[in-house]
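Architecture at a glance
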Amino acid sequence: MKIYLFLLIILISSCSEKSVITDQAVQVEDITNPISIKAESNEQKAVRLAEEFVKINGYTDVPAEKDKITYESVEFANNLEELLKHRKNTLVSKAYGVSDFGKMSGKGWAVVFNHKNYDFASKMSDKEKRLYESVGRAVTMDENFNNLVLQHKEFPLGNAKRKL
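Below: a short report on this structure. (Residues numbered from 1 in each chain as written. Predicted model: local features only at pLDDT ≥ 70, side-chain atom pairs only at ≥ 80, totals over all residues. Heavy atoms only, no water.)

**Focus on the pattern of salt bridges**
Just so we agree on the cut-off: One side-chain nitrogen of Lys or Arg within 4 Å of one carboxyl oxygen of Asp or Glu is enough to make a salt bridge. Each helix corresponds to a stretch of at least 4 residues labelled H or I by DSSP, and each strand to a stretch of at least 2 residues labelled E; elements are numbered beginning at the N terminus. To sort residues, take the accessible area from a 1.4 Å probe on protein chains only and compare it with the maximum for the residue type: under 20% means buried, over 50% means exposed, and anything in between is partly exposed.
Scanning the model with the defined rule gives nine salt bridges in all. The closest approach of N and O atoms between R48 and E52, which form a salt bridge, is 3.4 Å. With R48 and E52 both in helix 2 (residues 42-56) and four residues apart, this pair spans about one turn of that helix. Looking at R48, the relative accessible area reads 32%, which means it is partly exposed. Of the charged contacts, one joins K94 and E51 as a salt bridge, the two residues approaching to 3.8 Å between their closest N and O atoms. Here K94 is found in the loop between helix 3 (80-87) and strand 3 (97-99), whereas its partner E51 is found in helix 2, with 43 residues between them in sequence. Overall, K94 belongs to the exposed group, its relative accessible area being 56%. Residue classification places E51 among the buried residues on the basis of a relative accessible area of 15%.

Below is the structure:
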């Protein structure tokens, strides 16, 4: 009977505390006063993942993570360095808008990014510039937030279901 009582005490005490591992030491934290953590909505998660994706893949002013590069369906480069040079700083790092559909209007998410001004934009006519400024690029993913890819085709900014 004493051993059962002892095990019950251990079980109860382990339920009222939890261990938090830090880089310095193990701390015991009382879970009767948990810190309130705001839940991330599916839309927020899609946007966060897409913003990380464009940074990791070298489309922003942040250096690409070369070991994590995802290739588009159409690329015009002979090697990785050339590819990253073409991608560098071509998209705004903050998403413009989001839609609750994925690739080919399937289930998932499309997160849209504005273009940054390319060097050749200075050679465009006013009409071409207006058209160029009305489109962006979309990172699509499935409903489980997997299979992220930057779509090769331009995405009309007005087609984003919600502007951010």
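Now that the structure is up, let's keep going.
**What about the pairing of strand 4 (residues 109-114)?**
Rules: By definition, two strands form a pair when at least two bridges between them are found by DSSP.
Here strand 4 lies mainly inside the structure; five of its six residues are buried. Pairing analysis gives three bridges linking strand 3 to strand 4, with the strands arranged antiparallel. The partner of G97 across the bridge, within strand 4, is V112.

**Remarks on the packing of aromatic side chains**
Rule in force here: In summary, the pairing rule links any two rings of Phe, Tyr or Trp, Trp by its six-membered ring, whose centres are within 6.5 Å, and it sorts them by plane angle into stacked for under 30 degrees, edge-to-face for over 60 and tilted for everything else.
Under the criterion given, the structure shown has one aromatic pair. Ring geometry for F101 versus F155: centroids 6.5 Å apart, planes at 25°, classification stacked. Taken as a pair, F101 in the loop between strand 3 and strand 4 and F155 in strand 7 (residues 155-156) lie far apart in primary sequence, 54 residues in all. A relative accessible area of 12% means that F155 is categorised as buried.

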